[in-house]
12 protein chains.
Amino acid sequence: MASKGLRKILVLHGPNLNALGKRNKSVYGSKTLSEVNGLVQQRARELGMETVIHQSNSEGDLVDLIQKEAGGASAIVINPGALTHYGLSLRDALEDAGLPVIEVHLSNIYAREPWRAHSVVAPIARGQISGLGWRGYIAAVEYLSTET
Amino acid sequence: MASKGLRKILVLHGPNLNALGKRNKSVYGSKTLSEVNGLVQQRARELGMETVIHQSNSEGDLVDLIQKEAGGASAIVINPGALTHYGLSLRDALEDAGLPVIEVHLSNIYAREPWRAHSVVAPIARGQISGLGWRGYIAAVEYLSTET
Amino acid sequence: MASKGLRKILVLHGPNLNALGKRNKSVYGSKTLSEVNGLVQQRARELGMETVIHQSNSEGDLVDLIQKEAGGASAIVINPGALTHYGLSLRDALEDAGLPVIEVHLSNIYAREPWRAHSVVAPIARGQISGLGWRGYIAAVEYLSTET
Amino acid sequence: MASKGLRKILVLHGPNLNALGKRNKSVYGSKTLSEVNGLVQQRARELGMETVIHQSNSEGDLVDLIQKEAGGASAIVINPGALTHYGLSLRDALEDAGLPVIEVHLSNIYAREPWRAHSVVAPIARGQISGLGWRGYIAAVEYLSTET
Amino acid sequence: MASKGLRKILVLHGPNLNALGKRNKSVYGSKTLSEVNGLVQQRARELGMETVIHQSNSEGDLVDLIQKEAGGASAIVINPGALTHYGLSLRDALEDAGLPVIEVHLSNIYAREPWRAHSVVAPIARGQISGLGWRGYIAAVEYLSTET
Amino acid sequence: MASKGLRKILVLHGPNLNALGKRNKSVYGSKTLSEVNGLVQQRARELGMETVIHQSNSEGDLVDLIQKEAGGASAIVINPGALTHYGLSLRDALEDAGLPVIEVHLSNIYAREPWRAHSVVAPIARGQISGLGWRGYIAAVEYLSTET
Amino acid sequence: MASKGLRKILVLHGPNLNALGKRNKSVYGSKTLSEVNGLVQQRARELGMETVIHQSNSEGDLVDLIQKEAGGASAIVINPGALTHYGLSLRDALEDAGLPVIEVHLSNIYAREPWRAHSVVAPIARGQISGLGWRGYIAAVEYLSTET
Amino acid sequence: MASKGLRKILVLHGPNLNALGKRNKSVYGSKTLSEVNGLVQQRARELGMETVIHQSNSEGDLVDLIQKEAGGASAIVINPGALTHYGLSLRDALEDAGLPVIEVHLSNIYAREPWRAHSVVAPIARGQISGLGWRGYIAAVEYLSTET
Amino acid sequence: MASKGLRKILVLHGPNLNALGKRNKSVYGSKTLSEVNGLVQQRARELGMETVIHQSNSEGDLVDLIQKEAGGASAIVINPGALTHYGLSLRDALEDAGLPVIEVHLSNIYAREPWRAHSVVAPIARGQISGLGWRGYIAAVEYLSTET
Amino acid sequence: MASKGLRKILVLHGPNLNALGKRNKSVYGSKTLSEVNGLVQQRARELGMETVIHQSNSEGDLVDLIQKEAGGASAIVINPGALTHYGLSLRDALEDAGLPVIEVHLSNIYAREPWRAHSVVAPIARGQISGLGWRGYIAAVEYLSTET
Amino acid sequence: MASKGLRKILVLHGPNLNALGKRNKSVYGSKTLSEVNGLVQQRARELGMETVIHQSNSEGDLVDLIQKEAGGASAIVINPGALTHYGLSLRDALEDAGLPVIEVHLSNIYAREPWRAHSVVAPIARGQISGLGWRGYIAAVEYLSTET
Amino acid sequence: MASKGLRKILVLHGPNLNALGKRNKSVYGSKTLSEVNGLVQQRARELGMETVIHQSNSEGDLVDLIQKEAGGASAIVINPGALTHYGLSLRDALEDAGLPVIEVHLSNIYAREPWRAHSVVAPIARGQISGLGWRGYIAAVEYLSTET
């Protein structure tokens with residue numbers, strides 16, 4: 001799990017997060033995914049870390065990505081979108097990766113529909129950040145920069 | 001949501017609906033998907049509407065399709081197949097689209113296995129038609145033609 | 001159950017549907033029951049069918065009506081109102097009638113209070129149409145005109 | 001509650017039982033309600049008891065009947081039909097009557113749909129007979145003839 | 001909903017409440033319904049209000065009464081009897097009436113059988129009074145006299 | 001399953017029924033099991049039937065008995081005692097026997113502890129008689145005498 | 001429990017009720033706790049009764065208060081605030097006090113979040129008044145003045 | 001469904017099974033998927049059967065594969081990975097295929113997290129083998145070789 | 001637990017399995033228990049193992065057998081029959097034995113009544129084979145022959 | 001139930017308790033059942049009481065024992081083993097005995113699998129001691145010695 | 001955790017236990033808390049142990065006490081009163097203390113209201129004694145005196 | 001809610017958090033509460049904010065603190081300890097405060113006992129941070145510094 005050179009963080013966005021900036025802004029904020037990714041990348045660099053960032057609407061693709069990229073990474077930051085609530089294949093891939101996982105949600109999933117309050121990923125995550133908007137990704141990256 | 005020229009309706013078929021005409025005919029009817037699509041297209045044209053029709057066995061593809069096609073459409077008709085019961089990513093994509101959604105089921109999902117009686121899509125749909133066979137699609141198209 | 005001459009459809013409206021046009025219009029629409037019935041009758045006639053239409057606020061009366069009228073009818077269209085959720089006597093009467101039943105709801109019962117999302121009638125219905133407003137009755141009549 | 005002269009038994013049939021002989025015969029048997037009533041009346045007479053017999057499809061009517069007739073009766077035999085499962089007003093009327101109640105079901109309600117296996121009346125009944133067909137009424141009458 | 005002249009309160013009693021004074025007195029008290037109604041009427045008059053009072057054992061009748069009488073009334077006081085727990089048609093009629101509703105129960109419904117502790121009417125009521133015996137009606141009338 | 005000569009009925013009593021006459025008499029009555037068996041035997045004889053009667057406190061023994069005796073019998077009357085609620089091996093043995101089964105309970109199992117209201121045997125029984133005391137056995141025997 | 005001289009009523013307010021007049025006024029009304037207490041005290045005096053009134057944000061304090069004050073009181077009026085839903089120690093203290101308890105809620109707890117619809121106190125209360133605002137306390141006091 | 005020439009078995013592996021040999025070895029064993037497939041293929045050949053073997057992390061792909069390959073196969077062996085617990089589209093595809101299905105799990109899914117103990121596929125499978133490691137596939141192939 | 005000489009496998013059959021060949025053949029197959037045992041014994045011998053085989057309809061006997069025989073055995077194959085679903089004493093005995101346990105079911109317990117889909121034994125078993133008929137026992141024996 | 005001469009206590013051990021000293025010692029302790037019984041017997045004697053001690057793996061036997069021995073005893077100490085969780089026949093036998101029952105568990109049943117935390121015997125017991133190892137039996141005997 | 005000199009036991013009583021001797025005596029016994037404490041203290045002394053005893057109606061106080069006193073104690077005996085059922089802060093404090101905890105209940109909590117049958121403390125306790133009245137404390141002290 | 005001069009953040013720690021550094025370090029970390037508070041204070045100062053920090057083991061105290069301090073603060077950071085799961089009074093106080101609330105948990109509450117996975121506070125919080133150890137407080141403070 002150690003990485004020579006810069007530590008690399010795998011950042012994953014699940015279904016519908018590519019629509020950020022367009023989908024319900026009062027819930028998800030007005031920044032586009034590209035803007036959020038830029039901020040994440042910049043903060044990671046300031047902290048001496050690289051980022052590999054992907055988004056997919058397909059659970060299968062996310063599993064493929066984790067299998068392919070986890071080997072070279074030291075941690076995973078993931079916003080699984082609605083897969084949070086039923087993506088058990090994604091959960092298994094994350095657990096198999098053997099890396100610290102920080103689960104991020106833009107909105108507070110505990111203040112919305114009841115089914116959003118249950119994450120199948122959380123039990124294998126190191127931590128979860130919910131409701132801080134795009135700053136949740138930043139907080140995740142900062143936390144991971146202190147992990148040794 | 002307004003569309004210049006002809007109104008366009010996005011018609012989506014979820015997993016296993018490409019097997020229509022082969023899969024359990026007493027449940028799903030004997031017409032193939034191609035035949036059903038032909039009837040839908042024809043009725044839409046009679047009512048002065050265009051149709052864009054897709055089928056996929058993959059939830060991720062359906063989300064991609066909605067993100068790509070919803071912008072130019074004024075409504076969505078969808079038979080989510082078994083995704084009806086767990087496809088929360090699909091549900092979010094449909095909600096994000098901001099269009100009237102009519103959910104169609106060939107069979108009466110309330111007269112089969114208990115798990116089929118719960119739709120995760122229905123709470124964000126305008127309406128649902130269940131058990132009318134292929135005519136359910138026609139009814140959906142006709143309803144949408146009266147929406148102003 | 002066959003009928004000589006015109007096919008006859010029994011159209012039944014359950015409790016509080018006589019208040020249509022007055023009760024919550026954003027949910028139920030602004031047409032009165034009489035106007036809806038007129039449209040249903042007219043569409044049935046165009047399709048070569050007769051209609052017998054009744055409304056009652058009493059489950060017992062609805063059961064009486066089904067027992068009395070089903071013999072001469074070839075199908076039933078019913079909006080059971082709130083009886084949808086607990087009217088098991090009504091359900092039994094409908095099943096005993098041995099006719100195709102189309103259950104109609106003006107509003108989308110799956111997008112309201114949780115208790116409205118369960119129909120005790122649906123398991124014995126041929127199909128269900130929910131959320132299309134008064135056009136749901138028309139769709140039901142059209143569907144039944146194709147039944148042979 | 002005592003009655004001078006002959007003991008009188010109030011026999012009540014709930015919704016849809018007037019359709020006996022027509023509704024699903026493999027479940028409910030082929031005798032009409034009138035034939036069943038005749039057999040009940042005859043057996044009661046043999047045992048020195050009078051019967052007062054009513055059927056109604058309306059819960060309100062059944063409550064009215066119990067309030068009116070229970071005073072002169074010494075016991076109640078009731079087949080509540082589908083009200084068995086939700087007729088709490090009927091239940092209260094039966095309890096208020098203060099008489100022994102025998103609940104009868106033609107079919108075995110424990111071998112059908114799950115919701116039929118719960119009776120809201122049973123907790124205030126003296127006993128319940130289920131699945132013996134019309135002979136269940138006879139058994140109820142015979143049991144009551146031994147009550148002193 | 002405004003009423004010229006005296007304010008009018010619609011007072012409704014559900015199933016089995018006509019048996020007050022006879023049914024279980026340790027639970028429901030020893031006054032007859034007629035006596036209770038007299039006290040309610042008198043207190044309303046003292047407070048400058050008229051009352052229209054009905055009792056029925058039939059949910060359908062209660063719905064009919066609400067539809068007929070609510071127009072001229074400024075509030076409703078209702079003891080739905082056992083319909084409290086399943087009378088969804090009654091609930092819809094009360095909500096459609098658009099008036100303040102006070103739900104009254106003679107006994108404390110939270111200290112009896114578990115099923116009595118759930119009211120389908122309460123979510124659309126202004127308030128609920130339970131366990132104060134006939135004085136609950138008086139408290140309801142007094143509360144409504146202060147509503148402006 | 002047919003039997004030449006007299007029809008034979010297998011009567012089975014489950015755990016603790018050998019304590020009849022001693023255990024809670026207000027619930028189970030004051031007759032001993034031997035007295036009840038005598039009455040059952042006598043009534044069966046009057047109706048031209050033989051009885052084979054056994055009691056056991058062990059589920060395994062009851063299964064053994066059914067396997068051994070069902071071959072020569074034309075019906076089974078069983079009071080499974082507390083096995084009613086969990087004796088799935090007993091249930092399977094009864095179903096395997098392929099005979100009409102009448103389930104008898106001395107007390108009304110629906111008016112006692114909640115767990116007594118669920119019978120694992122009932123779904124494979126022909127009928128169930130509950131709360132008629134020892135007369136329930138008599139009613140069962142009489143019913144079976146009319147079976148052809 | 002009897003009290004010489006004036007009857008004394010213990011009035012208790014639970015957590016956050018000291019914030020009345022500031023907290024959500026559309027739910028709880030605009031009067032301060034001090035104003036409400038003044039009205040309660042005045043009405044009690046008119047009816048010839050004394051009041052002892054306390055508020056605490058701590059369940060332990062409320063239990064202490066009940067143990068200390070109940071001896072000299074003849075009844076308790078309590079608005080347990082959110083303790084209504086989990087304050088089992090408070091419930092036991094109220095039951096131990098052996099006095100009539102009237103539970104008061106300013107808002108209609110049955111028309112808010114689902115968890116507010118369950119009171120652990122209600123099963124040991126004499127009655128409950130919910131949704132009448134501060135007038136609920138007055139109604140409680142008036143009811144208790146008629147208790148003998 | 002019959003196949004001329006050799007019988008062909010479709011062997012499918014769901015999400016994360018391509019990571020065998022790397023993922024938690026104490027749970028899933030130390031053989032790679034390729035090694036397992038080799039053993040399965042060899043055993044099938046010994047028994048005179050062909051195998052077509054696929055793995056995918058995507059439910060949509062698995063549905064596509066079943067639709068494409070089932071026509072030429074006489075049975076399916078599938079380890080659905082985590083899709084076992086929510087892959088209803090996969091379930092429908094398997095049922096539509098109309099072939100005997102053997103569901104295989106490397107680990108004992110009944111001795112792990114509670115959610116792993118429920119398979120949505122099992123109700124339409126012929127059989128299920130759980131906890132025998134890679135030998136479960138061999139047992140499945142051997143069973144199918146005896147099917148005629 | 002090691003055994004010198006031949007490895008010995010304890011094979012146990014629970015309630016009603018002695019009726020194999022007679023009980024529902026479409027579910028359980030047409031071989032008698034004796035025939036099945038012969039096949040198991042033969043296959044074990046081919047693989048160099050001994051078998052000790054017992055059947056009992058009594059849970060207590062099965063516990064006794066496990067306590068007596070487990071000491072000399074190296075593994076257990078058990079079909080607990082209906083005890084699968086409630087035989088917690090059997091479960092404890094199996095766990096106490098400290099041997100690998102393979103649970104076998106002739107039918108697919110996940111495709112029958114819901115209560116059959118839960119095994120209290122499975123959480124302490126090494127593996128479970130369901131729905132392969134008598135071949136399930138053979139597969140169990142073969143698996144155990146590879147255990148070292 | 002009184003006994004002349006020494007008071008006699010019936011001590012019963014359920015399934016698998018004869019394996020004490022061999023089964024999981026970290027859970028159940030290292031003493032054999034014989035050693036535990038010796039200590040119980042000795043303590044009872046010191047307190048002037050006799051003991052009758054039995055163990056059985058069969059629920060039926062335990063019921064037989066209670067029926068046979070309870071007459072001469074003044075109290076029962078029972079560790080029902082796994083029957084604690086489903087042995088309703090045992091529960092009925094214990095209740096029928098009409099004696100004080102102390103339920104003993106060696107391990108703390110509330111700190112193990114969830115199903116162990118529910119005892120069907122506890123509601124009819126005088127008391128329960130859980131987690132004190134063999135000293136729980138001693139505590140039970142000492143408690144009973146003070147009962148008069 | 002070791003203690004020089006005498007071993008010290010922390011004895012804690014939760015809400016309403018200071019009312020012992022006054023509150024429902026048929027449930028809780030007639031001794032006052034002071035009398036119970038005297039007996040506990042005396043028995044502890046006989047066994048060579050010291051006791052520190054506190055009662056509080058406030059969960060916060062109990063947590064404070066545990067944090068303050070646990071350091072010098074070698075075990076805790078606690079009757080959490082109604083906090084047993086929801087006092088999760090108390091539970092955490094007890095677990096943090098790292099001492100053996102014996103949970104004591106005067107009454108049999110499994111024979112009262114259903115909500116009393118669940119203890120949030122029990123899963124972290126060494127053992128639980130329920131229903132032995134004040135002798136339960138003595139048994140706890142005696143058990144702890146044998147702990148080494 | 002505005003504050004002149006520096007923005008002030010109210011930081012609250014619930015029950016048992018004063019034991020940080022002593023309680024289970026592998027779960028909660030090795031820093032004492034005092035050390036954590038120092039880090040929080042320092043980071044707040046760097047960001048130009050003041051902090052007011054309190055810990056209490058009593059829910060009532062926490063409610064008092066919120067009522068007293070919220071007026072002068074612009075946001076609340078709270079780790080409610082075990083009150084997270086049942087502290088509804090705390091929840092109401094937080095909601096009444098009308099400030100942004102960030103809920104912090106040192107450990108990942110979704111990877112522990114099931115009851116820890118439900119927060120009654122979360123639905124009224126702006127966001128929640130779980131499992132980041134003491135850095136969760138820092139992330140909360142940093143997030144709040146960007147709120148305008």
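Above this note sits the structure.
Residues numbered from 1 in each chain as written. Chains lettered and ligands numbered in written order. Predicted model: local features only at pLDDT ≥ 70, side-chain atom pairs only at ≥ 80, totals over all residues. Heavy atoms only, no water.

1. Quick look at the overall build of chain A
Here's step 1: Tallying secondary structure elements over chain A gives 5 helices and 5 strands in all.
Here's step 2: Starting at the N terminus, the α and β elements of chain A follow one another as β-α-α-β-α-β-α-β-β-α.
Here's step 3: Taking the principal axes of its C-alpha atoms as reference, chain A extends roughly 45 × 30 × 25 Å.
Here's step 4: The 148 residues of chain A split such that 62% are buried.
Here's step 5: Counted over contacts in chain A with a minimum sequence separation of 6, partners at least 24 positions apart contribute 76%.
Here's step 6: Of the roughly 5300 Å² of accessible surface on chain A, a fraction of 49% belongs to carbon and sulfur atoms.
Here's step 7: Of the charged side chains in chain A, 15 are positive and 14 negative; the average position of the first set lies 7 Å away from that of the second. (Helix = DSSP H or I, 4+ residues; strand = E, 2+ residues; numbered from the N terminus. Buried < 20%, exposed > 50% of the residue type's maximum accessible area, 1.4 Å probe, protein only. Contact = heavy atoms within 4.5 Å. Areas by Shrake-Rupley, 256 points an atom, 1.4 Å probe, with all protein chains shown as cover. Lys, Arg positive; Asp, Glu negative; His and termini not counted. Charge placed at Lys NZ, Arg CZ, Asp CG, Glu CD.)

2. A short note on helix H2 (residues 33-46) of chain H
Residues and elements named next belong to chain H.
Here's step 1: Taking 1.5 Å of rise per residue, the 14 residues of H2 would be expected to cover 20 Å, and the 20 Å separating its terminal C-alpha atoms lies within 8% of that figure.
Here's step 2: Turning to H2, the residues buried within the fold contact strand S1 (7-13), strand S2 (49-55) and helix H5 (135-146).
Here's step 3: Trailing H2 by a residue or two, Gly-48 shows a phi angle of about 80 degrees, which is positive. (Expected span 1.5 Å × (residues − 1).)

3. Brief notes about the interface of chain K and chain L
Here's step 1: Contacts between chain K and chain L engage 14 residues on the former and 14 residues on the latter.
Here's step 2: For the pairing of chain K and chain L, the buried interface totals around 1100 Å² over both sides, and the portion due to carbon and sulfur atoms is 44%.
Here's step 3: On inspection of chain K and its partner chain L, the count reaches 4 salt bridges.
Here's step 4: Between the two partners, chain K and chain L, sit 10 residue pairs in polar contact (both at pLDDT 80 or more).
Here's step 5: Mapped by element, the contributors of at least two residues to the side of chain K that touches chain L are helix H3 (59-69) and helix H4 (88-97) of chain K.
Here's step 6: It is H4(K) that contributes the most residues to the side of chain K that touches chain L, 7 residues altogether. (Buried area = accessible area lost by both parts, 1.4 Å probe. Salt bridge = Lys/Arg side-chain N within 4 Å of Asp/Glu carboxyl O. Polar contact = N/O pair within 3.5 Å; in protein donor to acceptor, adjacent residues only side chain to side chain.)

4. Considering the pattern of salt bridges
Opposite charge on two side chains makes pairing possible when the charged atoms of those side chains draw close.
Here's step 1: All told, the structure shown has 110 salt bridges over all chains when counted by the stated rule.
Here's step 2: A salt bridge links E:Glu69 to E:Lys68, with the shortest nitrogen-to-oxygen separation between them at 4.0 Å.
Here's step 3: For the salt bridge of K:Glu95 with K:Arg91, the shortest nitrogen-to-oxygen distance reads 3.1 Å. Of this pair, K:Glu95 and K:Arg91 both sit in helix H4, 4 residues apart, roughly one helical turn.
Here's step 4: Each member of the salt-bridge network shares a partner with another, and the members are A:Arg23, A:Glu113, A:Arg116, B:Arg91, B:Asp92, B:Glu95 and B:Asp96.

5. With respect to the arrangement of the chains
Here's step 1: The two units chain A and chain D are non-contacting; their minimal C-alpha-C-alpha distance is 26 Å.
Here's step 2: Spatially, chain A and chain E are disjoint, and the shortest separation between their C-alpha atoms is 19 Å.

6. A word on the packing of aromatic side chains
Here's step 1: Summed over all chains, the structure comprises 18 aromatic pairs over all chains.
Here's step 2: Measuring from centroid to centroid gives 6.0 Å for I:Tyr86 and J:Tyr86, while their planes differ by 80 degrees, and the two rings are edge-to-face. Taken together, the residues span two chains, with I:Tyr86 in the loop between strand S3 (75-79) and helix H4 (88-97) and J:Tyr86 in the loop between strand S3 (75-79) and helix H4 (88-97).
Here's step 3: On the basis of relative accessibility, which here comes to 7%, the residue J:Tyr86 falls in the buried class.
Here's step 4: Aromatic side chains J:Tyr110 and K:Tyr110 sit 5.5 Å apart centroid to centroid with 0 degrees between the ring planes, which places their arrangement in the stacked category. Taken together, the residues J:Tyr110 in the loop between strand S4 (101-105) and strand S5 (127-130) and K:Tyr110 in the loop between strand S4 (101-105) and strand S5 (127-130) connect one chain to another. In this structure, J:Tyr110 and K:Tyr110 share a single accessibility class: buried.
Here's step 5: An aromatic cluster is built from A:Tyr86, B:Tyr86 and H:Tyr86, whose rings are joined through pairwise contacts.
Here's step 6: Geometry around D:Tyr28 places D:Arg23 over its ring, the cationic atom sitting 3.9 Å from the centre. (Phe/Tyr/Trp six-rings, centres within 6.5 Å; stacked < 30°, edge-to-face > 60°. Lys NZ or Arg CZ within 6 Å of the ring centre and 35° of its normal.)

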